[in-house]
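# A look at the structure
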Amino acid sequence: MNDIFERVQSLVDRYDEVNELISDPEIIADTKRFLKLSKEEGQLRETVEVYKKYEAVMHEIKGDKELLAETNDPELEEMTKEELKELTEQQESLEEELKVLLLPKDPNDDKNIIMEIHGAAGGDEGALFAADLYDMYSRYAERQKWQVEVIDENRTEIGGYKEIVLMITGENVYSKLKFENGAHRVQRVPETESAGRVHTSTATVGVMPEYEDVDIEIEDKDLRVDVYRSSGAGGQHINKTSSAVRMTHLPTGIVVAMQDQRSQQQNRAKAMEILKQRVYDYYASENEAEYAEQRKTAVGTGDRSERIRTYNYPQNRVTDHRIGLSLNKLDRIMNGELADVIDPLIIADQAAKLENMSQG
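Below is a summary of the structure that appears in this document. (Residues numbered from 1 in each chain as written. Predicted model: local features only at pLDDT ≥ 70, side-chain atom pairs only at ≥ 80, totals over all residues. Heavy atoms only, no water.)

### Comments concerning the sheet that holds strand S11 (residues 325-327)
- Pairing is mixed in the open sheet, where 8 strands are placed in the order S2-S3-S1-S5-S4-S9-S10-S11. Since the sheet does not close on itself, it has two edges, and those belong to strand S2 (147-155) and S11, each with one partner. Across this sheet, the average inter-strand angle for adjacent strands is 15 degrees, counted without regard to direction.
- Taken together, the 8 bridges between S2 and strand S3 (residues 161-169) define a ladder with antiparallel strand orientation. Bridging from a neighbouring strand, asparagine 154 pairs with glutamate 163 of S3. (Pairing = 2+ DSSP bridges. Helix = DSSP H or I, 4+ residues; strand = E, 2+ residues; numbered from the N terminus. Axes fitted to C-alpha atoms, helices over the stretch in contact; angles between N-to-C directions.)

See the structure below:
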């Protein structure tokens with residue numbers, strides 16, 4: 001534990017330094033630096049507070065041990081031993097908490113995300129399940145007080161989605177939704193199935209952090225831009241001008257379609273912003289793949305081809321295959337109570353990282 005306490009002490013020293021800096025008038029006047037330091041202070045605060053609790057408990061333990069060594073009063077000795085037992089349990093709990101707080105932080109954890117949901121295997125049923133997943137994530141986002149914006153959508157005639165792309169913004173969005181990456185399988189009786197047979201379909205979910213100030217240039221020669229009329233609800237809503245934009249990044253094959261903005265110029269600007277995010281993520285993921293094998297955790301790689309979860313409607317059951325979690329509350333989870341699945345995934349990830357840290 002000594003190396004852990006050395007690391008904590010260095011964080012406490014940095015926390016004190018940051019608090020001094022953010023009270024400096026010169027830094028307060030420099031908005032960008034002030035916000036950066038304020039964010040750092042917030043990230044350090046919990047670790048420092050837990051460490052202070054730990055120090056207080058250790059101080060009490062030392063006092064109780066000294067008292068036990070000096071007292072001849074049986075009643076006082078019994079009370080002190082009982083208190084010492086409770087304090088030792090607190091010590092162990094706080095030590096574990098500190099270990100988790102000292103785990104390497106994913107630099108993207110506090111970022112907003114772009115989420116892509118695609119209907120995959122199963123035709124119409126896969127597209128309908130994509131719509132159900134969209135509703136589930138929207139309800140979960142509402143519980144978290146996040147904002148959800150639909151960037152692009154490709155609806156089917158029966159109300160499903162071949163694809164829907166969302167921007168989800170709020171506090172720690174990526175940290176809670178990053179494990180949703182992958183293939184989601186549904187088992188249920190489709191509405192169109194007259195014989196009542198259970199069908200298996202899939203939808204894929206992609207989660208990408210929103211990178212700030214993406215430093216990537218997309219050259220004109222690598223870009224194909226098509227314009228077309230926005231699709232509306234029909235009748236008077238049909239757009240008479242070609243304001244929708246589809247951009248294709250030729251080297252990667254990444255396509256972004258945008259029709260939600262009022263003008264072609266606005267759609268073009270928004271499409272380019274999203275395209276840069278996706279291309280940046282594509283190349284970042286390629287680099288990540290080089291060392292992915294070394295850092296696999298209990299919740300898998302997050303690859304979209306990996307079947308991560310099954311939603312079994314007849315049995316009202318959700319199973320997350322990565323951690324062997326089964327819950328008979330599918331109805332509640334589809335209603336946005338996703339914390340029952342997400343929290344165990346975060347804990348499993350932390351446990352795997354702790355194991356790696358102890359082995360290293």
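Having seen the model, we can carry on.
### Digging into the pairing of S3
- The buried fraction of S3 amounts to 7 of the 9 residues, a majority that puts the element mostly inside the structure.
- Once S2 ends, the chain turns through 5 residues before running back antiparallel as S3, passing glycine 159 with a positive phi of about 100 degrees. (Buried < 20%, exposed > 50% of the residue type's maximum accessible area, 1.4 Å probe, protein only.)

### Description of the packing of aromatic side chains
- Evaluation of the coordinates by the stated rule reveals 4 aromatic pairs.
- Aromatic side chains tyrosine 51 and tyrosine 54 sit 6.5 Å apart centroid to centroid with 15 degrees between the ring planes, which places their arrangement in the stacked category. With tyrosine 51 and tyrosine 54 both in helix H3 (residues 31-70) and 3 residues apart, this pair spans about one turn of that helix. Accessibility classification places tyrosine 51 together with tyrosine 54 in one group, the buried group.
- Considering the side-chain rings of tyrosine 134 and tyrosine 161, the 5.8 Å spacing of their centres and the 85 degrees angle between planes classify their relative orientation as edge-to-face. Taken together, the residues tyrosine 134 in helix H5 (residues 124-143) and tyrosine 161 in strand S3 connect sequence positions 27 residues apart. Side by side, tyrosine 134 and tyrosine 161 carry an identical accessibility label, which is buried.
- Lying across the ring of tyrosine 313, arginine 188 places its NZ or CZ 4.8 Å from the centre. (Phe/Tyr/Trp six-rings, centres within 6.5 Å; stacked < 30°, edge-to-face > 60°. Lys NZ or Arg CZ within 6 Å of the ring centre and 35° of its normal.)

### Considerations on the environment of aspartate 64
- Mapped onto the elements, aspartate 64 comes out in helix H3.
- By relative accessible area, aspartate 64 is classed as buried at 8%.
- When neighbours within four sequence positions are excluded, aspartate 64 is seen to be in contact with Thr80, Glu83, Leu84 and Leu87. (Contact = heavy atoms within 4.5 Å.)

### Some thoughts on the nonpolar core
- If you look at the biggest cluster of nonpolar residues, it comprises 36 residues, and the most contacted ones within it are Met115, Ile117, Leu133, Tyr137, Leu177 and Tyr311.
- Those elements giving two or more residues to this core turn out to be strand S1 (113-119), H5, S3, helix H6 (173-177), strand S5 (199-209), S11, helix H8 (330-334) and helix H9 (339-359).
- Other than its neighbours up to four places away in sequence, leucine 177 contacts Ile113, Met115, Tyr137, Tyr140, Trp146, Ile168, Val207 and Ile342. (Core = buried A, V, L, I, M, F, W, Y, C linked by side-chain atoms within 4.5 Å.)

### Regarding H5
- Compared with the 28 Å implied by 1.5 Å per residue over 20 residues, the 29 Å span of H5 between its first and last C-alpha is a close match.
- Residue lysine 145 follows H5 closely and has a positive phi angle near 65 degrees. (Expected span 1.5 Å × (residues − 1).)

### Examining the packing of H3 against helix H4 (residues 74-101)
- H4 packs onto H3 with a crossing angle of 155 degrees between their chain directions and a minimal axis gap of 9 Å. In terms of their interaxial angle, H3 and H4 are classed as roughly antiparallel. As H3 runs across H4, the sense of the crossing is left-handed.
- Among the residues making up the contact of H3 with H4, the classes are represented as 14 nonpolar, 5 polar and 10 charged. (Parallel < 35°, antiparallel > 145°, perpendicular 65-115°, else oblique. Left-handed = near helix turned anticlockwise from the far one by under 90°. Nonpolar A, V, L, I, M, F, W, Y, C, P; charged D, E, K, R; others polar.)

### Focus: H4
- Here H4 spans 40 Å end to end across 28 residues, near enough to the 40 Å set by a 1.5 Å rise per residue.
- All buried positions along H4 are accounted for by Thr80, Leu84, Leu87, Gln91, Leu94, Glu95, Leu98 and Leu101.
- Backbone nitrogen of glutamate 75 and a side-chain oxygen of the N-cap are separated by 3.0 Å at the start of H4; the cap is aspartate 73. (Polar contact = N/O pair within 3.5 Å; in protein donor to acceptor, adjacent residues only side chain to side chain.)

### Some thoughts on the sheet that holds strand S6 (residues 223-228)
- The antiparallel open sheet is built from 3 strands, whose spatial order is S6-S7-S8. The open sheet is flanked by S6 and strand S8 (254-258), the only strands paired with a single partner. For this sheet the average axis-to-axis angle between neighbouring strands, irrespective of direction, equals 15 degrees.
- When strand S7 (residues 244-249) meets S8, the two strands line up antiparallel, connected through 5 bridges.

Don't take any of this as a statement about function, it's just geometry.
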